[in-house]
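Here are the chains, one letter per residue:
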Amino acid sequence: RGKRIGVVGQSTAARFLKEIHTSPVTYSTTQDMSEGFERGAVDVLVYDSPLLQYYAKTKGAGKVETVGALFEKQDYGILFPQGSEYRESVNTALLKLKENGVYDELLSRWFLETIFD
């Protein structure tokens, strides 16, 4: 309460914030949103967890932290043109990473660990 919230407009996060009757500051892009945050135009950001986790571990390292729980889990996908020669090899590689546990290690190392710190 009482914080200025930044969000990318037309996103799941923006819809969620409007549903709970907040008035976030909306930005056109994640770049604009992060610049607004860095300028002090907003106090907090609400957006896709992987992107905020990455920001917290890179540009925001030592200056920001992620807090709270996910309010809507969403998976990401990779889109290839119809008939792409890469689709099968990428699917196979992702499946191997999931089966041997590397995917979960990477997810935990780069995105999830700061949620639970």
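Structure report, in brief. (Residues numbered from 1 in each chain as written. Predicted model: local features only at pLDDT ≥ 70, side-chain atom pairs only at ≥ 80, totals over all residues. Heavy atoms only, no water.)

What follows deals with the nonpolar core. Residues Val 8, Tyr 27, Met 33, Val 42, Leu 45, Tyr 47 and Leu 52 constitute the largest nonpolar core, which totals seven residues. With sequence-adjacent residues up to four places away left out, Met 33 is seen in contact with Gly 6, Val 7, Val 8, Tyr 27, Leu 45, Val 46 and Tyr 47. Within the second largest apolar cluster, six residues are counted, among which are Ile 5, Ala 13, Ala 14 and Leu 17. (Core = buried A, V, L, I, M, F, W, Y, C linked by side-chain atoms within 4.5 Å. Buried < 20%, exposed > 50% of the residue type's maximum accessible area, 1.4 Å probe, protein only. Contact = heavy atoms within 4.5 Å.)

Okay, the environment of Trp 110 next. Within the secondary structure, Trp 110 sits in helix 5 (residues 102–112). The exposure class assigned to Trp 110 is partly exposed, which follows from its relative accessible area of 40%. Taking the C-alpha atoms as reference, Trp 110 lies 10.0 Å from Ala 56; in sequence the two are 54 residues apart. Setting aside anything within four residues of it in sequence, one finds Trp 110 in contact with Gln 53 and Lys 57. (Helix = DSSP H or I, 4+ residues; strand = E, 2+ residues; numbered from the N terminus.)

On to the pattern of salt bridges. When the charged atoms of two side chains lie near each other, side chains of opposite charge can form a pair. Under the counting rule described, the total for this entry stands at two salt bridges. Measuring nitrogen to oxygen at the nearest pair gives 2.9 Å for the salt bridge that ties Asp 43 to Arg 4. On the criterion of sequence distance, the pair formed by Asp 43 in the loop between helix 2 (30–39) and strand 3 (44–45) and Arg 4 in the segment before strand 1 (5–8) is long-range, its members being 39 residues apart. Classification of Asp 43 as partly exposed rests on a relative accessible area of 32%. Between Lys 59 and Glu 38 there is a salt bridge, with its nearest N and O atoms 3.4 Å apart. Highlighted residues: Lys 59 in the loop between helix 3 (49–57) and helix 4 (87–99) and Glu 38 in helix 2, separated in sequence by 21 residues. (Salt bridge = Lys/Arg side-chain N within 4 Å of Asp/Glu carboxyl O.)

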